[in-house]
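Here is how the chains run, residue by residue.
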Amino acid sequence: MHSELINKNALNAQRNNHRGRSAFRVFLICVLIQFAVVARAQEYTFIQYGLKEGIIQSQVRCLYQDSKGYIWAGTLGGLSRFDGKEFKSYDRQNGFLNNQVNCITELSNGTTMVGSNGSIVLINGAEVKSILLESEFAESSVNAIFQDNDGTVLIGTENGLCGFQNGKIVYPVNSIISKENVQAFCKRKKDGAVFILTKNQIFLKKNTEITPFWKPQNSETNLFGITESPDHYLWLASKGEGLIKLNEEGTEAINFTDFPGFPIKVINDVMSDRKGGLWISSRLGFFHFKEGVFKFFSDQNGLKSVDIRDILEDYEGNIWLATNGSGLLKFTGEAFASYTTSQGLSSNAVMSVAEDQHGQLWLSTFDGGICKFSGDSIIKMAVEGLSSTNRIWTSLKDYQNHIWFGTSNGLYEFDGYKFHRYPESDSLAEIVVLSLFQSTDHKLWVGTSKGACIFENGILKSMVAQGGPQKRIRCIREDGLGHLWMATTEGVVKFDGVSFTTYTMNDGLPDNSTYALEIDEFNRAWVGTQNGLAVLSGSRFRKVDMGANSGAQVVNFLKYTPQQMWVGTNNGLHTIAVSLEFNESLPELKHYVLEDGLKSLETNLNSAFMDHSGILWFGTADGLMRFDATKVSVTSLIEPRLLLSNIQINLQNRNWAELGRIDSLSGLPIQPRFKYKDNHITFYFTGISTTYPDELQYQYMLEGLDEDWKPLTAAGFATYSNLPYSSFVFKVRTLNRQGFWSKTVEYPFSIAPPFWLTWWFILLEILAVLSIISAIVLARIRVTRAKTEKEWFEVRSRMLVLEQQSLNSSMNRHFIFNALNSIQYYINRQDKLAANKYLSDFARLIRKNLDSSQENMTSLRDEVERLELYLKLEHMRFKDKFDYKIHIDPALNLDTIKVPAMLVQPFLENSIWHGLLPKNAHGTLDVDITLKDGHLEFIISDSGIGISNSMSRKTGTDTHISKGMQITQSRIELIKKTTGMNIELQGPYQLQADDTHPEGTRVKIILPINFHELFSN
């Protein structure tokens, strides 16, 4: 069944091929004859990455770019991964079983799968795992790997097709391809079906069914590569038929081996780019086919090795070449081409370019004379009087189509037939001619190392005598008003036809030594110096911001085209967008460097020239450059890739397996929790940009510590030291030259606190502290309680002593003796009633005093009775001396109110003995007990002799009453101390009738109404 199908397809293909050949042959012959181009003698720039740059081996067999942006290069000596700056390599030392790498692909889970001889290799982050092929596939070369939409991994070997599922190889996938030498896979765009290319034919896989699709008529044709172009044609690389074009049905095929411009029958591989171009690799070089044009690139165009095995277009549109012996090459494109002595130049130092009326270029060199570029040939011109030691600084075509050359040996003119020299003797200001310019009035201005001259009507005339500049004139230009501008070593000089005006650093120039001049369409003068670029704004020059690179400040040439200024510097070629509202501080800049195709960043002084077709020519330190702006490859406006590549703790790498979960692709721990001592962390990150890798800038921040993003930096690492214990998120992003940001990479982590700051340890600490505090508090309480008890005991002892003293005071020997004398007196008078009454009252008073000595407090009623008995006894003895009254506020409850016992009696005794008894007249003693403002008041008033008279009569031995007063005052102080309540003793103070006659004394004692409650507590 299958053989019949193959034969039928072969017959149909053969018929269709004949028809296709006859139909396409005439068309293709016409197209290829018209458009086939072999690149003429010019070199393009190929940036080489060989052993010195870090690739593992120079014989590269296959290329692949993964989703992270890495470019993988498979060689005969191992595998290299390139991030645009550095290579990381894998070989047997990393786990490979065989160093020859034939194919590379990335699986949907991010694993890189590599095909080798007799094995496959899985690279997952830092993990490398090799799997041997078995049974009939043992020792088979793995040529291609492809993962289908359903996740099935197809492995194409030289011995058939096998698969890969669940980490194991499945043998075989389909018997129809058994023993076929599988070379490549290609996914069909319209339906996702897979073309399987073997050396002998093409199979088509739809879902799980595999059927033959197309087979070459010539059985000796070997197929090597396959790609599908945007117009759905299949392009095949073969040995025997070269490049083959096949329609999507597989019914029409044609090869290009018989057509002019592509006479190659052995093609290594073919690749279709995103712009519809076709890239074809061979052992003689490579071709680019687009819009019917084949362009061939070989060692004549700068290829280090012509044996190209694979071609890759990366995400940014760059073309990478796998060479057999020169490593990896990056093709910078066709915009820049260079010419050196290898292409026939007499010197690599081209100082000036001029174009004659026939479109031929005249090249002036520093040390090789004059060359003429005619067609594809470079001819060295023999000029009498010029040797290789003579420098040719400048050249010019005048209005008569004569070519002029300024040299270190005078001025030369070529009239189309011969050269004529104008030496210094012909009024040339100096023999070294540095600049030439023809003004609108057809005058030829000649700038020399010692001033300017005018050549008019065959006569040279020096301008030095008329006040012109006398130093090196490096460039001359004319503005719209007919004024001449000259760049000299002493500033910029303007000549208005009458006088010269000089602009220097005082007028805003960055430097007085000026190199280049140009006038824009808005009549502004632009000046290039060794210290920057400046533009005339009004009457002053303003410096134009060319960036921070010091090489960009050395401006060697200026060339103006409408709305665009070309600036040649020591840091490559720049273009500046020019407008009427030009902003000097923020110019719109484009910068062309080595990655764009320049051979050298250093340009030559005033060497720029724009030819009739808009091609810019200029000299560099490594040859003449040709720049065609229409061929600038528009780099894909794509964001750069960014990866967190490594983390160091305390400047050391760690075995992350100790921290648990590991990201299989990066090899870094997932949301790690570092120890508190591991708080010096360095993050390493890699930005991937294959076009301008050195111009990536990074910005990062640590969320949880930084408030905002750090400033942009070119360093690919960030270090944070002495991090506090907390949770953080490290964020990093990269910015490419085109101004596009990468996606922000976030990495969460945390720093664990030391064990003494963990919650459980803090809890233990709190409990321990509380225990200590409790112990201290309890001890203090015990000490305080003991002290308080001791103080209380002492106070009580003092109170008892004072109470005893108060009792003794109230029952002093004089009172008792006098009372007994009074009783004896009544007995001797036979006044039994009075004696009994006195004796009875005396006994009651003695008993109350003795009862009060057992308690601190007594009821107000008992205290009033005691006072009544005392006053009654004293009144019986001294009836003729005083009367007394006790007034009690009816609002007082005499039974519930408690007062200190025997507190008032000493004041009564004092009033009687020291106030009333010494008085010659009858007196009164009043005791008022009232409730006022919530307080209990005792007021003792007498009408005695007063305090002043009493003190004057006192003797030294009469002190018992004073002691009673002192004892009472001491009791009051102790009671205040023990209760914390305020007890006031006001007096005694003297009552006055007038200024000289006292009327007695008064004492007031104020007690709290709840005094007894506080005292009892």
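Residues numbered from 1 in each chain as written. Predicted model: local features only at pLDDT ≥ 70, side-chain atom pairs only at ≥ 80, totals over all residues. Heavy atoms only, no water.

Attention shifts here to the overall build of the chain. In terms of helices and strands, the chain carries 9 helices and 71 strands. Per-residue burial over the chain gives 52% buried out of 1017 residues. A separation threshold of at least 6 residues defines the contact pool for the chain, and within that pool the share at least 24 residues apart is 55%. As displayed, the chain offers around 46,800 Å² of accessible surface, 49% of which is attributable to carbon and sulfur atoms. (Helix = DSSP H or I, 4+ residues; strand = E, 2+ residues; numbered from the N terminus. Buried < 20%, exposed > 50% of the residue type's maximum accessible area, 1.4 Å probe, protein only. Contact = heavy atoms within 4.5 Å. Areas by Shrake-Rupley, 256 points an atom, 1.4 Å probe, with all protein chains shown as cover.)

The 4 strands lie next to each other as β11-β12-β13-β14, forming an open sheet whose pairing is antiparallel. Sheet topology places β11 (142-147) and β14 (168-170) at the edges, where each strand pairs with a single neighbour. If you compare each strand with its neighbour and ignore which way they point, the axes differ by 30° on average. Both strand β13 (residues 160-165) and β14 contribute to a ladder of 3 bridges, which runs antiparallel. (Pairing = 2+ DSSP bridges. Axes fitted to C-alpha atoms, helices over the stretch in contact; angles between N-to-C directions.)

Okay, the nonpolar core next. Residues Leu860, Leu908, Ile929, Leu936 and Phe938 are the most contacted members of the largest nonpolar core, which totals 38 residues. Put simply, the parts of the chain that give this core at least two residues each are α4 (832-852), α5 (860-877), β66 (882-888), α6 (905-916), β68 (923-932), β69 (935-942), α8 (960-979) and β71 (998-1008). When residues of this core are assigned to their parent elements, the largest contribution, 8 residues, is made by α5. Discounting chain neighbours no more than four positions away, the residues touching Leu860 are Leu892, Leu894, Ile897, Val899, Ile929, Leu936 and Phe938. By size, the runner-up hydrophobic cluster in this structure holds 24 residues, among which are Phe685, Leu696, Leu702 and Val732. (Core = buried A, V, L, I, M, F, W, Y, C linked by side-chain atoms within 4.5 Å.)

The periodicity of an α-helix, 3.6 residues per turn, causes residues three or four places apart in sequence to face the same way. Over its 12 residues, α6 extends 15 Å from the first C-alpha to the last, a length consistent with the 16 Å expected when each residue adds 1.5 Å. Burial of α6 is extensive: 10 of the 12 residues sit out of reach of the surface. The set of residues buried in α6 consists of Gln905, Pro906, Phe907, Leu908, Glu909, Ser911, Ile912, His914, Gly915 and Leu916. (Expected span 1.5 Å × (residues − 1).)

Taken in spatial order, the 4 strands make up an open sheet running β35-β36-β37-β38, and their pairing is antiparallel. The sheet is open, and its two edges are formed by β35 (392-397) and β38 (419-422), each paired on a single side. Taken pair by pair, the neighbouring strands of this sheet meet at an average axis angle of 20°, ignoring direction. Where strand β37 (residues 410-414) lies against β38, 4 bridges are found, and the strand directions are antiparallel. For Phe414, the partnering residue across the bridge sits in β38 and is Phe419.

Here the focus is the environment of Tyr560. Considering the arrangement of structural elements, one finds Tyr560 in strand β51 (residues 555-561). Expressed as a C-alpha distance, the spacing of Tyr560 and Val578, which sit 18 residues apart in the sequence, is 9.4 Å. Beyond its immediate stretch of four places on either side in the chain, Tyr560 contacts Glu518, Ile519, Asp520, Glu521, Phe522, Met565 and Val578. Of the polar contacts made by the side chain of Tyr560, one reaches the backbone nitrogen of Gln563; its length is 3.0 Å. (Polar contact = N/O pair within 3.5 Å; in protein donor to acceptor, adjacent residues only side chain to side chain.)

Most of strand β25 (residues 285-290) sits out of view: 5 of its 6 residues are buried. Between the antiparallel neighbours strand β24 (residues 278-282) and β25 lie 2 residues. Across 5 bridges, β25 lies against strand β26 (residues 293-297) in antiparallel orientation. By the bridge assignment, Phe289 is partnered in β26 with Phe294.

With that out of the way, let us pick up the packing of aromatic side chains. Scanning all chains against the criterion turns up 64 aromatic pairs. Aromatic pair Trp72 and Tyr90: ring centres 6.0 Å apart, planes at 25°, arrangement stacked. Taken together, the positions of Trp72 in strand β4 (residues 71-75) and Tyr90 in strand β6 (residues 87-90) put the pair 18 residues apart, joining distant regions of the chain. Classification of Trp72 by relative accessible area gives buried; the value is 2%. Tyr90 gets classed as buried once you look at its relative accessible area, which sits at 3%. Here a set of aromatic residues connected by ring pairs shows up, and it is made of Trp656, Phe674, Phe683, Phe685, Tyr698, Tyr700, Tyr720, Phe728, Phe730, Tyr747 and Phe749. (Phe/Tyr/Trp six-rings, centres within 6.5 Å; stacked < 30°, edge-to-face > 60°.)

Taking 1.5 Å of rise per residue, the 18 residues of α5 would be expected to cover 26 Å, and the 26 Å separating its terminal C-alpha atoms lies within 8% of that figure. Every buried residue belonging to α5 is among Leu860, Glu863, Val864, Arg866, Leu867, Leu869, Tyr870, Leu871, Leu873, Glu874, His875 and Met876, and all of these are buried.

The interhelical angle for the contact between α5 and α6, taken along N-to-C directions, is 15°, at an axis separation of 10 Å. With respect to each other, α5 and α6 are oriented roughly parallel. Between α5 and α6 lies a crossing whose hand is right-handed. Note on element contacts: α6 touches α5 through Gln905, Leu908, Glu909, Ile912 and Trp913, opposite Leu867, Tyr870, Leu871, Glu874 and Arg877. (Parallel < 35°, antiparallel > 145°, perpendicular 65-115°, else oblique. Left-handed = near helix turned anticlockwise from the far one by under 90°.)

Note the cis peptide between Gly987 and Pro988, where omega equals 0°. If you trace the backbone, Pro988 turns up in strand β70 (residues 984-992). One non-glycine residue, Asn207, lies in the positive phi region at around 55°. When you line up the elements, Asn207 lands in the loop between β17 (202-206) and β18 (209-214). Judged by its relative accessible area of 67%, Asn207 falls in the exposed class.

This brings us to the confidence of the model for the chain. The pLDDT averaged across the chain works out to 85; a share of 87% of its residues lies at or above 70. Mean pLDDT per element in the chain: helix α1 (residues 2-35) is the minimum at 36, and β4 is the maximum at 98. Ignoring residues within four places in sequence, the model shows residues 1-40, a span with pLDDT below 50, making 65 contacts including any to other chains. (pLDDT = per-residue confidence, 0-100.)

Once that is clear, we can look at the pairing of strand β34 (residues 377-381). In the sheet, strand β33 (residues 370-374) pairs with β34 via 5 bridges, with the strands oriented antiparallel. In the strand pairing of β34, Phe373 is matched with Ile378.

To continue, consider the pattern of salt bridges. All told, the structure shown has 21 salt bridges when counted by the stated rule. For Lys731, the salt bridge goes to Glu703, with nearest N and O atoms at 2.7 Å. Of the two residues, Lys731 is situated in strand β63 (residues 727-735) and Glu703 in strand β61 (residues 697-703); the sequence distance between them amounts to 28 residues. Two residues, Arg866 and Glu863, come together in a salt bridge whose shortest N-O distance is 2.3 Å. Of the two residues, Arg866 and Glu863 both sit in helix α5, 3 residues apart, roughly one turn of that helix. Residue Arg866 is classed as buried on the basis of its relative accessible area, which comes to 2%. Classification of Glu863 by relative accessible area gives buried; the value is 1%. (Salt bridge = Lys/Arg side-chain N within 4 Å of Asp/Glu carboxyl O.)

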